[in-house]
Amino acid sequence: SHTQKGADITVQALEMGAFDFIAKPESRNLKDNISLLCQQLVIKIRNYASIRIPSFIPKKHKERKTGTGIALRSRAQSSGFKAIMIGVSTGGPQALAEILPPLCAQVEVPIYIVQHMPPTFTQSLAKSLNSKCRYEVVEAGENEYVEDLHAYIAPGGRHMVLEKDHQRIRTVINDLPPEKGCRPSVDMLFRSGAAVYGGQVLGVILSGMGTDGTEGGKELKKNGALIIAQDEESSVVWGMPGSARNAGIVDEILPLREIPGAIISLVDKAILP
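Residues numbered from 1 in each chain as written. Predicted model: local features only at pLDDT ≥ 70, side-chain atom pairs only at ≥ 80, totals over all residues. Heavy atoms only, no water.

### Some words on the sheet that holds strand S9 (residues 226–230)
For step 1, the next point in the chain: Ordered in space as S3-S5-S2-S1-S8-S9-S10, the seven strands form an open sheet in which the pairing is parallel. The open sheet terminates on both sides in strands that have one partner only, identified here as strand S3 (136–139) and strand S10 (252–254). In this sheet, adjacent strand axes meet at a mean angle of 20 degrees when their direction is disregarded.
For step 2, the next point in the chain: Where strand S8 (residues 201–205) lies against S9, four bridges are found, and the strand directions are parallel. Counterpart to Val204 in the pairing with S9 is Ile228. (Pairing = 2+ DSSP bridges. Helix = DSSP H or I, 4+ residues; strand = E, 2+ residues; numbered from the N terminus. Axes fitted to C-alpha atoms, helices over the stretch in contact; angles between N-to-C directions.)

Printed below as a string of structure tokens:
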């Protein structure tokens, strides 16, 4: 449903491992609603079946890490990272619930998150993650100046971009058309991050269908940023990370459980024990 209670329960289910969800159609025409439900359900069932029935799928080789951790850490110490940007879709709430608490416990820089979701649901996601993290996790607002120790989630169904206002950075929310069918768009966030932070961004692409994040990731790379992608074995769907890997823009491919430690070792404001 479109109630806050329904969104809260949905996010809880996703954090516990539910594959995906379908929002209640908004049309007043019953026939249109049924048609839309059928279309969405078929797509999600096919995607679920393609990754969840191992007897019909040849065993995949374990993805090897790319890049060199020592070289990346050396570069991080010389240049420093001022922001972390995360793009994620299917499997996102569970992945974020796993990596964000340990990450927020050890860094201080702002974290920006695009999770593909419709309106209302991102508010529930922010509330749930906020209860688990040292950071204050919020749904990003219009013209909101960003602060350290804060994580900003793009509002469901709307784009989030960053703009520089003199020496401060603010979140700007817009309703421009979807990019590659996605609103919010990881590509749009990454492009704005490249313009605002240059190479002092650590991009992270997690589980999700499609290719969102690849084109924006190219802009980050042009400016000297580093990009970490979740590996295939730990991803619910390896569309977004796999697309970034195939485009040659990924510096490290890591299992989900290793991503927080890798980020902590790279970010210049990591808190010493």
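### Some details on the environment of Leu189
For step 1, the next point in the chain: Within the fold, Leu189 resides in helix H6 (residues 186–197).
For step 2, the next point in the chain: Exposure remark for Leu189: the relative accessible area of 0% places this residue in the buried category.
For step 3, the next point in the chain: Separated by 103 residues in the primary sequence, Leu189 and Ile86 place their C-alpha atoms 9.3 Å from one another.
For step 4, the next point in the chain: Those residues in contact with Leu189 that lie beyond four places of it in its chain are Met85, Tyr112, Val114, Met160 and Leu162. (Buried < 20%, exposed > 50% of the residue type's maximum accessible area, 1.4 Å probe, protein only. Contact = heavy atoms within 4.5 Å.)

### Quick notes on the packing of aromatic side chains
For step 1, the next point in the chain: Counted by the stated rule, this structure contains four aromatic pairs.
For step 2, the next point in the chain: Between Phe19 and Tyr48, the ring centres sit 5.1 Å apart and the planes meet at 75 degrees, which makes this aromatic pair edge-to-face. Taken together, the positions of Phe19 in the loop between helix H1 (4–15) and helix H2 (30–52) and Tyr48 in helix H2 put the pair 29 residues apart, joining distant regions of the chain.
For step 3, the next point in the chain: Phe19 sits in the buried class, given a relative accessible area of 11%.
For step 4, the next point in the chain: With relative accessibility at 39%, the residue Tyr48 sits in the partly exposed group.
For step 5, the next point in the chain: Each ring, one from Tyr112 and one from Tyr152, has its centre 5.9 Å from the other, and the planes form 20 degrees; the classification is stacked. Within this pair, whereas Tyr112 is found in strand S2 (residues 111–115), its partner Tyr152 is found in strand S5 (residues 150–153), the two being separated by 40 residues in sequence.
For step 6, the next point in the chain: Through a chain of ring-to-ring contacts, the aromatic side chains of Tyr112, Tyr152 and Tyr197 assemble into a single cluster.
For step 7, the next point in the chain: Sitting over the face of the ring of Tyr145, Arg168 holds its NZ or CZ atom 4.2 Å from the ring centroid. (Phe/Tyr/Trp six-rings, centres within 6.5 Å; stacked < 30°, edge-to-face > 60°. Lys NZ or Arg CZ within 6 Å of the ring centre and 35° of its normal.)

### Observations regarding the pairing of strand S7 (residues 168–174)
For step 1, the next point in the chain: Among the seven residues that make up S7, five are buried, leaving the element largely enclosed by the rest of the structure.
For step 2, the next point in the chain: Both strand S6 (residues 159–165) and S7 contribute to a ladder of seven bridges, which runs antiparallel. When the bridges of S7 are listed, Glu163 appears paired with Arg170.
For step 3, the next point in the chain: Here S6 folds back onto S7 in antiparallel fashion, the turn holding two residues, of which His166 has a positive phi close to 60 degrees.

### A few points about the sheet that holds strand S4 (residues 144–145)
The strands making up a sheet associate through backbone hydrogen bonding, with each pair oriented either parallel or antiparallel.
For step 1, the next point in the chain: The sheet built from three strands is open, its strands ordered S4-S7-S6 with antiparallel pairing. With partners counted over all chains shown, the strands left at the sheet margins are S4 and S6, one partner each.
For step 2, the next point in the chain: In this sheet, S7 lies alongside S4 in antiparallel orientation, the contact comprising two bridges. Bridge pairing links Glu144 to Thr171 in S7.
For step 3, the next point in the chain: The strands touched by H6 within the sheet are S6 and S7, with S6 carrying the most contacts at an inclination of about 10 degrees.

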